[in-house]
Amino acid sequence: MIPAALAALLQQAKRIAVLTGAGVSAESGIPTFRDALSGLWSSFRVEDLATPEAFARNPGLVWRWYRARRHTIAEARPNPGHYALAAMQARVPHFALITQNVDGLHERAGSTDVIELHGSIARVKCSGCDQVVREYADTDDVPSCPDCAGLLRPDVVWFGELLPAAAMERAQRAACEADVFLSVGTSNIVEPAASLPRTAARSGATVIVVNPSREGQREGRNVHFVLGPAGEVLPEMVRGFVGG
Ligand code: BJW
Ligand code: ZN
């Protein structure tokens, strides 16, 4: 249930920026990042799988983890939370959708111009010359670059790597300009994405956190919580818009 005051703020907002994390895709059956290390992968730590050092140490292990996740994602479908954000984009004059997710489900739900901070699991790039490679043999063996023979890797941002500068600049601008900033389904611990709600609050936005849990989330004068799953809360928000 969205408090009436927050529903009114959303309806009146001219500029809304949304930051999404793994929780928005949880109801599509994609484990959140911190839950992804379950089952077969439970004996590994994030540092064994999502860092350049891990890839240098054991490229096959990292390649196979991403290959397994890519297959899970290919079989998943967008959920009502993804569709609600696409509908919101159509109703708000200035709307920015910033995602930390690499699963492409926002685009598959119809969102356009999505700002991808951590890359895309669907793309593969060369760890040597950095070019995106479109044709490669998708097996458990790590493929090599056709030009420099460097090993191919997912085109995602690992710990210790820089985020794409243009995406981060756009995200920061959207956070500074927003009337309302929605932080949806993210544990809000991974920098620099975690700084965006703070930037928005400092610039005068109302921050609304949509998450079933308050764990780890920063409190503040301009910060409000709507506790619940994104697949229920976001459609309810959109129903509050005129014509929603
Ligand atoms: C639901 C739900 C439902 C569940 N509905 N919600 C400053 C201080 C300290 C450290 C650093 C710092 N600045 C930089 C760093 C280092 C590092 C960092 O932040 N470390 C932290 C651990 C502290 N950052 C970096 O290295 C970044 N690079 C960088 O800053 O470069 C410059 C630099 C380098 C080195 C030193 C200093 C500066 C790069 C970060 C890249 C992150 N990459 C990953 C992997 C991407 C590829 C892949 O997917 O494999 O991105 S890590 C992982 O975390 C992934 C995610 O996008 C990201 C965020 O996770 P997210 O989305 O929040 O998921 P979860 O699982 O954590 O949370 C899920 C949430 O959903 C929970 O809250 C649930 O409750 C909720 N939920 N069901 C709504 N139905
Ligand atoms: Zn290459």
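Here the residue numbers are simple positions, counted from 1 along each chain's written sequence. To read the labels, note that chains go from A and ligands from 1, taken in the order they are written. Note on the predicted model: pLDDT of at least 70 is required for a residue's local features to be given, and 80 or more for side-chain atom pairs to be given and counted; whole-chain, interface and lining totals, by contrast, use all residues. Only heavy atoms go into the side-chain values, all of them from the structure, while hydrogens and water stay out.

A. Just the packing of aromatic side chains, in detail. For Phe, Tyr and Trp, rings pair up if their centres lie within 6.5 Å, where Trp contributes its six-membered ring, and each pair is then called stacked (planes under 30 degrees apart), edge-to-face (over 60) or tilted (otherwise). Applying the stated criterion across every chain, the model contains four aromatic pairs. Summarising the aromatic geometry, the rings of Phe55 and Trp158 are spaced 5.6 Å apart at their centres and angled 40° between planes, so their arrangement reads as tilted. Of the two residues, Phe55 is situated in helix H3 (residues 52–57) and Trp158 in the loop between strand E5 (152–156) and helix H7 (165–177); the sequence distance between them amounts to 103 residues. For Phe55, a relative accessible area of 6% corresponds to the buried category. Ring plane angle 50° and centroid distance 6.2 Å describe the contact between Tyr66 and Trp158, whose orientation is recorded as tilted. With Tyr66 in helix H4 (residues 59–75) and Trp158 in the loop between E5 and H7, the pair connects residues that are 92 residues apart, well separated along the chain. Residues Tyr66 and Trp158 agree in their burial class; the two are buried. The structure contains a cluster of three or more aromatic residues connected by ring pairs, namely Phe55, Trp65, Tyr66 and Trp158. Whether a charge lies above a ring is judged from NZ of Lys or CZ of Arg, which has to be within 6 Å of the ring centre and within 35 degrees of the ring normal. Taking the ring centre of Trp65 as reference, the NZ or CZ of Arg69 above it sits at 4.5 Å. Across from the ring centre of Trp63, 5.4 Å away, lies the NZ or CZ of Arg70, which sits over that ring. Helix and strand definitions follow DSSP, with helices as H or I runs of at least four residues and strands as E runs of at least two, each counted in order from the N terminus. A simple rule labels every residue: compare its accessible area, found with a 1.4 Å probe on the protein chains alone, to the largest value its type can have, and call it buried under 20%, exposed over 50%, or partly exposed in between.

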